[in-house]
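So the chains spell out like this:
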Amino acid sequence: MIKLSSTVGTVLKRKGGGVWSMTPGQTVYEAIEMMANKGVGALLVMTGEKVAGIISERDYARKVILQGRSSKSTVVRDIMTSPVISVSPQTAVDECMEIMTRNRIRHLPVMENDKVVGVLSIGDLVKWVISEQEETIEHLHNYISAKYPS
């Protein structure tokens, strides 16, 4: 397997560090509405500056819809995933993919000095890997097709 030595910090620089969050007492309806408006699949649940949990579309489907609950009367704290698995900006991309696969999660908060600096999704990492592979292929193509002085 090819090792991907790029770090999370490098991926975040390209993606941007926008973080969308809710508080534990807000309704699941508000969370789903924010996810739809922001085009994301998960939100951090914050108590002040501290990460209390994470809520995803998967949590909504499994813990609200399938259990016959109402998203307008259920609060985020009741269905959020906690504790949250996180990584640092120095974590390698391949390590993040392993963490996501092993724990069956799709989103990883990126923490530095106990502060959230971003959130990465599996989609972000797949896009990064594809762009890295395309760049490698281009370099190899240029190397192979380059004309050297005889």
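Further up the page is the structure itself.
Scope of this entry: the structure provided in the associated data block. Every value quoted in this text rests on a predicted model; they were computed, and no experiment measured them.

1. Observations concerning the pairing of strand 4 (residues 107-112)
- Burial within strand 4 is extensive, with five of its six residues counted as buried.
- In this structure, strand 4 lies alongside strand 5 (residues 115-121), joined through six bridges in antiparallel fashion. Residue pairing for strand 5: methionine 111 is matched across the bridge by valine 116.
- Counting the residues that bridge the hairpin from strand 4 to strand 5 gives two residues, and of these asparagine 113 lies at a positive phi of roughly 55 degrees.

2. Overview of the nonpolar core
- Judged by nonpolar contacts, the single largest core of 14 residues is most densely connected at Val8, Val87 and Leu120.
- A total of four residues in this core trace back to one element, the largest contributor, which is helix 5 (residues 93-103).
- Not counting the four nearest positions on each side in its chain, leucine 120 is found in contact with Val8, Val11, Leu12, Lys15, Met100, Arg106, His107, Leu108, Val110 and Leu125.
- Grouped together as the second largest cluster of nonpolar side chains are eleven residues, Leu43, Val76, Ile79 and Met80 included.

3. Let's talk about a nonpolar patch on the surface
- Nonpolar side chains collect at one region of the surface, where Ile122, Val126 and Ile130 lie side by side and expose about 210 Å² of accessible area between them.
- Among the secondary structure elements, valine 126 is positioned in helix 6 (residues 122-145).
- For valine 126, a relative accessible area of 37% translates into the label partly exposed.

4. Regarding the pattern of salt bridges
- Within this structure, the stated rule accounts for three salt bridges.
- Across the salt bridge formed by lysine 15 and aspartate 124, the nearest N and O atoms sit 2.9 Å from each other. Within this pair, whereas lysine 15 is found in helix 1 (residues 8-15), its partner aspartate 124 is found in helix 6, the two being separated by 109 residues in sequence.
- With relative accessibility at 41%, the residue lysine 15 sits in the partly exposed group.
- Between lysine 63 and aspartate 59 there is a salt bridge; the shortest N-O distance is 3.3 Å. Of this pair, lysine 63 and aspartate 59 both sit in helix 3 (residues 57-65), four residues apart, which is roughly one turn of that helix.
- You can call aspartate 59 buried: its relative accessible area is 7%.

What counts and how
- Within each chain, residues carry numbers counting from 1 in the order of the written sequence.
- The model is predicted, so local features are restricted to residues of pLDDT at least 70 and side-chain atom pairs to those at 80 or more, both for listing and for counting; the totals for chains, interfaces and linings are taken over all residues.
- Side-chain descriptors were evaluated using all non-hydrogen atoms of the structure, hydrogens and water having been removed beforehand.
- Exposed residues in this analysis have more than 50% of their type's maximum accessible area, buried residues have under 20%, and partly exposed residues fall in between, with area computed by a 1.4 Å probe over protein chains only.
- Going along the chain from the N terminus, every DSSP run of H or I of four or more residues is numbered as a helix, and every run of E of two or more is numbered as a strand.
- When DSSP finds at least two bridges between two strands, those strands are taken to pair.
- The set of buried Ala, Val, Leu, Ile, Met, Phe, Trp, Tyr and Cys residues whose side-chain atoms join them within 4.5 Å is what this entry labels a nonpolar core.
- Contact criterion: two residues are considered in contact whenever any of their non-hydrogen atoms come within 4.5 Å of each other.
- In this scheme, patches are assembled from residues that exceed 30% relative accessible area and form no salt bridge. Like charges are connected within 9 Å, while nonpolar side chains (Val, Leu, Ile, Met, Phe, Trp, Tyr) are connected within 5 Å.
- For every accessible area listed, the method is Shrake-Rupley and the probe measures 1.4 Å; residues are considered covered only by the protein chains on display.
- The term salt bridge refers to a side-chain nitrogen of Lys or Arg lying within 4 Å of a carboxyl oxygen of Asp or Glu.

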